Protein chains: 2
Amino acid sequence: MAAATLKNIQKCPTSYVLAIQDTLNAFQGKWKMPIIGTLLFGKKRFKEIEREIPKITPRMLSQELKDLEMNGIISRTVYATSPVTVEYELTKSGKQLSKVVEAMLEWGLQHRRANMLELLPILQSKTA
Amino acid sequence: MAAATLKNIQKCPTSYVLAIQDTLNAFQGKWKMPIIGTLLFGKKRFKEIEREIPKITPRMLSQELKDLEMNGIISRTVYATSPVTVEYELTKSGKQLSKVVEAMLEWGLQHRRANMLELLPILQSKTA
DNA sequence: TATAGCGGTATACAATAGTATACCGGTATC
DNA sequence: GATACCGGTATACTATTGTATACCGCTATA
């Protein structure tokens with residue numbers, strides 16, 4: 001079987017497109033990346049996440065956590081303490097998202113370098 | 001200098017976060033991925049892109065092309081034919097986005113496989 | 001008994017994103 | 001002269017997202 005790479009997209013365009021859409025979906029909205037980001041450093045409780053992400057409201061956090069759970073990216077565990085303790089953790093699949101984030105990081109850094117090099121002469125001619 | 005990887009994010013958290021945000025931004029909205037996707041196969045004219053992306057309106061296409069151009073992801077070239085011919089093409093940096101898309105594709109495919117394996121026993125017990 | 005923390009939910013609203021539809025000037029074709 | 005293609009823009013609207021604010025039952029602590 002051919003490797004699943006963009007060059008082979010003609011072989012099964014629909015499932016490739018769906019796969020990419022799934023990934024985009026995992027990061028969709030203002031808060032998914034911050035949430036995934038904090039969970040990449042380990043399991044956390046609701047209020048912990050809330051404290052680590054400035055300005056997020058409990059409504060949004062609750063909503064996005066549900067969404068991520070439904071999509072199999074995080075798991076929610078309730079411990080029968082009293083009152084209950086709830087822990088959120090990336091699933092195996094969720095942890096793999098770090099590869100995508102890594103690729104995003106690399107692109108973002110190189111893109112900023114490239115744009116900087118393009119802007120430099122312009123900035124210099126303005127200040128000269 | 002340390003490699004720019006997520007494990008080193010403590011070293012310059014702000015610029016790492018900005019870099020990731022830039023990448024997310026490149027794909028933000030309903031139409032950016034389809035547009036980038038078609039341009040990964042080569043330069044195209046406005047109406048060509050419009051025809052290749054079902055249901056996109058010229059308003060959205062125009063808006064998103066401007067946005068991508070401003071962010072240094074595509075370039076717009078006007079040829080002095082009459083009437084004018086306009087060509088859109090990924091910049092060098094834009095072409096590098098294929099690496100990110102590739103990572104998204106891989107994650108999406110493995111995630112679907114993983115979820116399928118999880119759902120299978122459930123589906124089987126329902127039909128049994 | 002009052003206060004604070006936990007893990008959220010409810011309601012109402014504001015802002016952003018996307019759609020529908022029609023139209024523009026220029027040119028080549030029938 | 002009418003129609004169609006090019007590369008878009010204008011206006012008005014709808015739908016989706018996100019925010020603000022207040023509140024819930026429960027429990028531990030002062």
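Calculation rules
Residues numbered from 1 in each chain as written. Chains lettered and ligands numbered in written order. Predicted model: local features only at pLDDT ≥ 70, side-chain atom pairs only at ≥ 80, totals over all residues. Heavy atoms only, no water. Helix = DSSP H or I, 4+ residues; strand = E, 2+ residues; numbered from the N terminus. Rg over C-alpha atoms; globule rule 2.2 N^0.38 Å. Buried < 20%, exposed > 50% of the residue type's maximum accessible area, 1.4 Å probe, protein only. Contact = heavy atoms within 4.5 Å. Areas by Shrake-Rupley, 256 points an atom, 1.4 Å probe, with all protein chains shown as cover. Lys, Arg positive; Asp, Glu negative; His and termini not counted. Charge placed at Lys NZ, Arg CZ, Asp CG, Glu CD. Core = buried A, V, L, I, M, F, W, Y, C linked by side-chain atoms within 4.5 Å. Least-squares fit on C-alpha atoms with pLDDT ≥ 70 in both. Pairing = 2+ DSSP bridges. Near = heavy atom within 4 Å. Polar contact = N/O pair within 3.5 Å; in protein donor to acceptor, adjacent residues only side chain to side chain. Nonpolar A, V, L, I, M, F, W, Y, C, P; charged D, E, K, R; others polar.

Labelled according to an unreviewed UniProt entry, chain A appears under the name Transcriptional regulator, originating from Lacibacter luteus.

Draft legend 1. Local environment of the overall build of chain A. Counting secondary structure elements, chain A contains 5 helices and 3 strands. When the helices and strands of chain A are read in sequence order from the N terminus, they spell out α-α-β-α-α-β-β-α. Computed over its C-alpha atoms, the radius of gyration of chain A comes to 20 Å, more than 25% above the 14 Å expected for a compact globule of 128 residues. A principal-axis box enclosing the C-alpha atoms of chain A has dimensions of 65 × 50 × 20 Å. Taken over 128 residues, chain A has a buried fraction of 37%. In chain A, 42% of the contacts between residues at least 6 apart in sequence involve partners at least 24 apart. Roughly 8000 Å² of accessible area belongs to chain A as shown, and the carbon and sulfur atoms make up 58% of that amount. When the 19 basic and 12 acidic side-chain charges of chain A are each reduced to a single mean position, those positions are 2 Å apart.

Draft legend 2. Main features of the nonpolar core. Ranked by size, the top nonpolar core spans 62 residues in total, and within it I35 of chain A together with I35 of chain B carry the most contacts. When neighbours within four sequence positions are excluded, I35 of chain B is seen to be in contact with I53, I56, L61, E64, L65 and L68 of chain B.

Draft legend 3. Seen up close, the relation of the copies chain B and chain A. Overlaying chain B on chain A yields an RMSD of 0.0 Å, the required transformation being a rotation through 180° with an accompanying axial translation of 0.0 Å. Taken together, the rotation and translation relating the two chain copies correspond to the operation of a two-fold axis. Most of the interface of chain B is mirrored in chain A, where 100% of its interface residues are also at the interface.

Draft legend 4. Structural detail: the pairing of strand β2 (residues 74–79) of chain A. Residue and element names in this part refer to chain A. Looking at chain direction, β2 and strand β3 (residues 85–90) are connected through 6 bridges and run antiparallel. Following the sheet pairing, R76 is matched in β3 by Y88. If you look at the hairpin formed by β2 and β3, you'll find 5 residues sitting between the two strands.

Draft legend 5. Examining the protein's contact with DNA strand D more closely. Lining the immediate surroundings of DNA strand D are 19 residues, of which K30 of chain A together with S62, K66, R76 and Y88 of chain B lie closest. Here Y88 of chain B contributes a side-chain N or O atom positioned 2.7 Å from a phosphate oxygen of DNA strand D. Listed by contribution, the elements that provide at least two residues to the surface near DNA strand D are α4 (58–70) of chain A together with α3 (46–52), α4 (58–70) and β3 (85–90) of chain B. Per-element tally for the surface near DNA strand D: the top contributor is α4 of chain B, with 4 residues. Residue composition of the surface near DNA strand D, grouped by class: 8 nonpolar, 3 polar and 8 charged.

Draft legend 6. Spatial organisation of the environment of T91 of chain A. Residue and element names in this part refer to chain A. Residue position: T91 is located in the loop between β3 and α5 (92–127). The class of T91 is buried, set by a relative accessible area of 19%. Taking C-alpha positions, T91 is 9.6 Å from R76, a pair spaced 15 residues apart along the chain. Once residues lying within four places of it in the same chain are set aside, the contact partners of T91 are G72, I73, I74 and S75. Reaching out from T91, the side chain makes a polar contact with the backbone oxygen of G72 at a distance of 2.8 Å.

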